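Descriptive structure summary
If you want the building blocks of each chain, they are given just below.
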Amino acid sequence: MGVIHKIGRRKTAVARVYVTEGTGNITVNKREFTTYFPTATLQYKVMQPLAMTENAANFDIKVNVYGGGTTGQAEAVRMAIARAMCEVEVENRAILKPEGLLTRDPRMVERKKFGQKKARKRFQFSKR
C-alpha cells in the first residue's frame, strides 16, 4: 500500500496525516493521541471516520497538526483521516459523505471592526 498523505483543515487549524498499514497506533505531534486530545468528545471526533469504516485496528496514523484550538485541531484531523479512508477504499466515500466528514467547514472567526468592541459588539452608548 505505501504511505497515504492527506491534509484536513478547520478554522485556522491544519492537520497533515500519514496513514500506513499497521496495528491502530495514532500519534499526534509525536505524542499518543489520547494524551494530546484528553477529552472523550475530542477522541471520538478523531476516531469517527475509522470507526465508521471499521478500520480502527488496521492502520497506523501519524499526524502533524498546528494552528487553532483543540476542537479545531481535532476536526481537522478527522477530515484528513476521512479523506485518507476514501483513498484506501472507494466504497468508504459512500459511508463518510452523508455524515459530512468530507465537507470542509467554511466557518471562520469574523474580524473585529474599527470603532467597535468586537466583531459585532459595540461600545456602550451613554446619553449625558
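Just so we're clear, the structure is a prediction, and the values are computed from it rather than from any experiment.

Here A15 is to be found in strand 2 (residues 13-21). Judged by its relative accessible area of 0%, A15 is buried. Once the C-alpha coordinates of A15 and E110 are considered, the two residues, 95 residues apart in sequence, prove to be 22 Å apart. Filtering out sequence-adjacent residues up to four positions away, A15 remains in contact with K6, I7, G8, V63, N64, V65, A76, V77 and A80.

All right, on to helix 3 (residues 70-88) then. With 19 residues, helix 3 extends 27 Å between its outermost C-alpha atoms, agreeing within 8% with the 27 Å of an ideal straight helix rising 1.5 Å per residue. A large share of helix 3 lies buried, amounting to 14 of its 19 residues.

Put simply, helix 2 (residues 40-52) and helix 3 touch, their axes get as near as 8 Å, and they point 10° apart. As far as their axial angle goes, helix 3 and helix 2 are roughly parallel. Two secondary-structure elements touch here, helix 2 through L42, K45, V46, Q48, P49 and L50 and helix 3 through T70, T71, A74, E75, V77, R78, I81, A82 and M85. Of the residues assigned to the contact of helix 2 with helix 3, the class counts are nine nonpolar, three polar and three charged.

Moving on: the nonpolar core. Nonpolar side chains in soluble globular proteins tend to end up buried together. Ranked by internal contacts, the top residues of the largest apolar core, which has 29 residues, are V19, V28, F37, I61, V63, V77 and I81. Sorting the residues of this core by element identifies strand 2, strand 3 (26-28), helix 1 (33-36), helix 2, strand 5 (59-66) and helix 3 as the ones contributing at least two each. Here the element with the most residues in this core is helix 3; it accounts for nine residues. Residues contacting V28, with those up to four places away along its chain left out, are F33, Y36, F37, V63 and V65.

A few words on the side chain of E75. Take E75: it is sitting in helix 3. Of note is the side chain of E75, whose polar atom sits 2.7 Å from the side chain of R10. With residues up to four places along the chain from it excluded, the contact list for E75 reads R10 and K45.

So, about the sheet that holds strand 3. On the basis of which strands lie adjacent, the open sheet formed by five strands has the order 1-2-5-3-4 and mixed pairing. Strands with a single pairing partner mark the edges of an open sheet, and in this sheet they are strand 1 (4-10) and strand 4 (31-32). Examined bridge by bridge, strand 3 and strand 4 share two bridges and lie antiparallel to one another. Bridged to T27 within strand 4 is E32. Contacts from helix 3 reach strand 1, strand 2 and strand 5 within the one sheet, and its direction differs from that of strand 1 by about 145°.

Along the chain, the position of A57 falls in the loop between helix 2 and strand 5. Placed 18 residues apart in sequence, A57 and E75 show a C-alpha to C-alpha distance of 20 Å. Apart from the residues lying within four places of it in its own chain, the contact partners of A57 are G22, T23 and G24.

For the rest of this paragraph, the subject is the pattern of salt bridges. A complete count under the given rule lists seven salt bridges for this structure. Between E75 and R10 there is a salt bridge; the shortest N-O distance is 2.7 Å. Linking E75 in helix 3 with R10 in strand 1, this pair joins segments that are 65 residues apart in sequence. Under the relative-accessibility criterion, R10 is labelled buried at 9%.

Parameters at a glance
- Residues numbered from 1 in each chain as written.
- Predicted model: local features only at pLDDT ≥ 70, side-chain atom pairs only at ≥ 80, totals over all residues.
- Heavy atoms only, no water.
- Helix = DSSP H or I, 4+ residues; strand = E, 2+ residues; numbered from the N terminus.
- Buried < 20%, exposed > 50% of the residue type's maximum accessible area, 1.4 Å probe, protein only.
- Contact = heavy atoms within 4.5 Å.
- Expected span 1.5 Å × (residues − 1).
- Axes fitted to C-alpha atoms, helices over the stretch in contact; angles between N-to-C directions.
- Parallel < 35°, antiparallel > 145°, perpendicular 65-115°, else oblique.
- Nonpolar A, V, L, I, M, F, W, Y, C, P; charged D, E, K, R; others polar.
- Core = buried A, V, L, I, M, F, W, Y, C linked by side-chain atoms within 4.5 Å.
- Polar contact = N/O pair within 3.5 Å; in protein donor to acceptor, adjacent residues only side chain to side chain.
- Pairing = 2+ DSSP bridges.
- Salt bridge = Lys/Arg side-chain N within 4 Å of Asp/Glu carboxyl O.

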